[in-house]
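# Residue-level structure breakdown
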Amino acid sequence: MNLEALCKEVGLSFYDDELVSENGKKIYRIYVQKEGGVRLDDCAKLSEILSPIFDVEPPINGEYFLEVSSCGLERKLSKLDHFAKSINELVKITTNEKEKIEAKILSVENENIILENLETQEKTTINFNDIKKAKTFVQW
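Residues numbered from 1 in each chain as written. Predicted model: local features only at pLDDT ≥ 70, side-chain atom pairs only at ≥ 80, totals over all residues. Heavy atoms only, no water.

## Some thoughts on the overall build of the protein chain
- When you go through the protein chain residue by residue, the secondary structure sums to three helices and eight strands.
- Counting from the amino terminus, helix and strand elements in the protein chain follow one another as α-β-β-α-β-α-β-β-β-β-β.
- With the C-alpha coordinates of the protein chain rotated into their principal frame, the extents come out at 50 × 30 × 30 Å.
- Put simply, the protein chain has 140 residues, and 35% of those count as buried.
- Entry remark: accessible area of the protein chain is about 8,800 Å², with carbon and sulfur atoms responsible for 47%.
- Distance between charge centroids for the protein chain: 4 Å, based on 19 positive and 26 negative side chains. (Helix = DSSP H or I, 4+ residues; strand = E, 2+ residues; numbered from the N terminus. Buried < 20%, exposed > 50% of the residue type's maximum accessible area, 1.4 Å probe, protein only. Areas by Shrake-Rupley, 256 points an atom, 1.4 Å probe, with all protein chains shown as cover. Lys, Arg positive; Asp, Glu negative; His and termini not counted. Charge placed at Lys NZ, Arg CZ, Asp CG, Glu CD.)

## Re the UniProt feature "coiled-coil region" (unreviewed entry) in the protein chain
- According to UniProt, the "coiled-coil region" (unreviewed entry) feature falls on residues 84-118.
- For residues 84-118, helix accounts for 3% and strand for 63%, while the C-alpha atoms at its two ends are 19 Å apart. (UniProt positions renumbered as here; feature names shortened; annotations may be inferred.)

## Observations regarding unusual backbone geometry
- Positive phi, normally seen in glycine, also occurs at Asn23, with a value near 50°.
- Structurally, the position occupied by Asn23 is in the loop between strand E1 (13-22) and strand E2 (25-33).
- The exposure class assigned to Asn23 is exposed, which follows from its relative accessible area of 81%.
- The backbone of Lys98 sits at a positive phi, close to 70°, despite the residue not being glycine.
- Mapped onto the elements of the fold, Lys98 is located in the loop between strand E4 (90-95) and strand E5 (100-109).
- We classify Lys98 as exposed; its relative accessible area is 58%.

## Notes on the sheet that holds strand E8 (residues 131-137)
- Taken in spatial order, the five strands make up an open sheet running E7-E6-E5-E4-E8, and their pairing is antiparallel. The outermost strands of the open sheet, each flanked by one partner alone, are strand E7 (123-127) and E8. Ignoring strand direction, the axes of neighbouring strands in this sheet form an average angle of 45°. (Pairing = 2+ DSSP bridges. Axes fitted to C-alpha atoms, helices over the stretch in contact; angles between N-to-C directions.)

## Brief notes about the UniProt feature "domain: Ribosome maturation factor RimP N-terminal" (unreviewed entry) in the protein chain
- If you check UniProt for "domain: Ribosome maturation factor RimP N-terminal" (unreviewed entry), the listed places come out as residues 3-74 in our numbering.
- Across residues 3-74, helical content stands at 33% and strand content at 35%; the span's end C-alpha atoms are separated by 22 Å.

## Details of a positive patch on the surface
- Together, Lys98, Lys100, Lys132 and Lys133 give the surface a local cluster of positive charge.
- Mapped onto the elements, Lys132 comes out in strand E8.
- Exposure remark for Lys132: the relative accessible area of 53% places this residue in the exposed category. (Patch = residues over 30% accessible without salt bridge, like charges linked within 9 Å, V, L, I, M, F, W, Y side chains within 5 Å. Salt bridge = Lys/Arg side-chain N within 4 Å of Asp/Glu carboxyl O.)

## Quick look at the nonpolar core
- Counting residues in hydrophobic clusters, the biggest one holds 17 residues, and the most contacted among them are Ile30, Val32 and Leu46.
- When residues in this core are grouped by element, the largest group, four residues, is from helix H2 (residues 40-56).
- Dropping the residues within four chain positions of it, Ile30 is found in contact with Leu3, Phe14, Asp16, Asp17, Leu50, Phe54, Leu66, Glu67, Val68 and Ser69.
- Residues Tyr31, Cys71, Phe83 and Ile126 belong to the second largest nonpolar core, which totals 16 residues. (Core = buried A, V, L, I, M, F, W, Y, C linked by side-chain atoms within 4.5 Å. Contact = heavy atoms within 4.5 Å.)

Here it is, written out as structure tokens:
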């Protein structure tokens, strides 16, 4: 089953998925994006498409709850693809050397992420493997 293709059917783009345990219940969560923002009915449409498919081919073993959600304005970037889907957004990065960077994502080339430093406007390149954690943020 191709989650990306199923998301596209309802005008959404697949961002990520995760399995979490909350209050003793397993939740299989799918995060999606859409130009202009994800609305509640977008999530409901995707959920209606996925539910019968997951009844036949469950994404995980055992009992779980399916949740479809917007990935939000401020979100974790844990895959190279997440950076590619976040071009022109602001990001806070902590490197493996504990250096903290606030920048704008300009582009992604192979495993390198090209950034513009928010303070100096200088362009810099960081390798994806040198990033300990990263998160988009919004400047109000």
